[in-house]
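Each chain, written out:
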Amino acid sequence: MSHPSGRFVALSPIPARAGIGLRFPHHQQVVASRPEVGFLEIHAENYFGGGTARRYLERLRPHYPISVHGVGLSLGSAGELDPLHLARLAELVSTIEPALVSEHLAWSVSNGHYLADLLPLPMTEEALAVVCRHVEQTQERLECRILIENPSTYLQFPHSTIPEWEFLAAVAERTGCGILCDLNNIFVSASNHGWEAALYLEALPPASIAELHLAGHALRVQPDGGTLRIDNHGSPVSAPVWALFQRALELFGPRPTLIEWDTDIPPLPVLLHEADMANELLACVAGSTAHASAA
């Protein structure tokens, strides 16, 4: 059954501009300089408690739209969602009033034990039903629409029956959630599995795409001479991912776009330079769209 997103409380608007992740090494500098970015993204779990991190966030909240990005809810776990984790997320969302809330199409909890990774799902009807149930539960608890991010993966289950892009689209159709389209993840997974990244992108429903992510990745040479791309968020956006971003803008139009950088975090100006590059492409597409509409 399809559930229109209009049944949920609308979040505050967010501009179709580039934002950056608010990471601990940059807290003081961002507060002091207030860089001109479209929004700030936080990892939800880092702000569940009080303390210094939460105080920095509360100082910045009046000046920027905030995107809350969860990494530990484990929407794909076969068991039930952790009610305490969900309650903490609900408290954060209620207090911060973010412009976007997102989580991953992955699982990371088994029998109450948290694992230090976002693990892949079998793409089956059974898994689809589990994910949809958990997305609906989350949206009901938070009283807002959430976005689901496509994963980066390094293996495929032989019993999968649904292509990943169709699985993601089905979750959006059945629950009314949106899609956080991570272009680096698409490129990494497509490279690792022999998919066509552009075809994956073209199969997604444009109306469901509410945010884009850009990040760097690493290339690892295997003992057999093969290569594996690793989504490590530790380097500048690569040229193929920039090209995929341009294609995404052609397909979906301008969307809020995050520059992700979570390991080997560089000085803030490096992040801002990547955001400026994204903003140039966003502005070009916005200008072309406006020109076409006027013609």
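Above this note sits the structure.
Presented here is an overview of the structure given in this document. (Residues numbered from 1 in each chain as written. Predicted model: local features only at pLDDT ≥ 70, side-chain atom pairs only at ≥ 80, totals over all residues. Heavy atoms only, no water.)

Right, let's get into the pattern of salt bridges. Across all of its chains, the model carries 7 salt bridges by this definition. Here Arg 54 and Glu 58 are joined by a salt bridge, their closest N and O atoms 3.5 Å apart. Of the two residues, Arg 54 and Glu 58 both sit in helix α2 (residues 51-60), 4 residues apart, roughly one turn of that helix. Here Arg 54 falls in the buried class, since its relative accessible area comes to 6%. Look at the salt bridges and you will find they share partners, linking Arg 23, Glu 41 and Asp 262 into a network. (Salt bridge = Lys/Arg side-chain N within 4 Å of Asp/Glu carboxyl O. Helix = DSSP H or I, 4+ residues; strand = E, 2+ residues; numbered from the N terminus. Buried < 20%, exposed > 50% of the residue type's maximum accessible area, 1.4 Å probe, protein only.)

With that out of the way, let us pick up unusual backbone geometry. At Arg 34, a position not held by glycine, the phi torsion is positive, near 45°. Turning to its location among the elements, Arg 34 is positioned in the loop between α1 (27-33) and β2 (40-43). For Arg 34, a relative accessible area of 46% puts it in the partly exposed group. Even without a glycine there, the phi angle at Ser 74 is positive, about 60°. Tracing the backbone through its elements, the reader meets Ser 74 in the loop between β3 (66-69) and α3 (83-96). Since its relative accessible area comes to 4%, Ser 74 is described here as buried.

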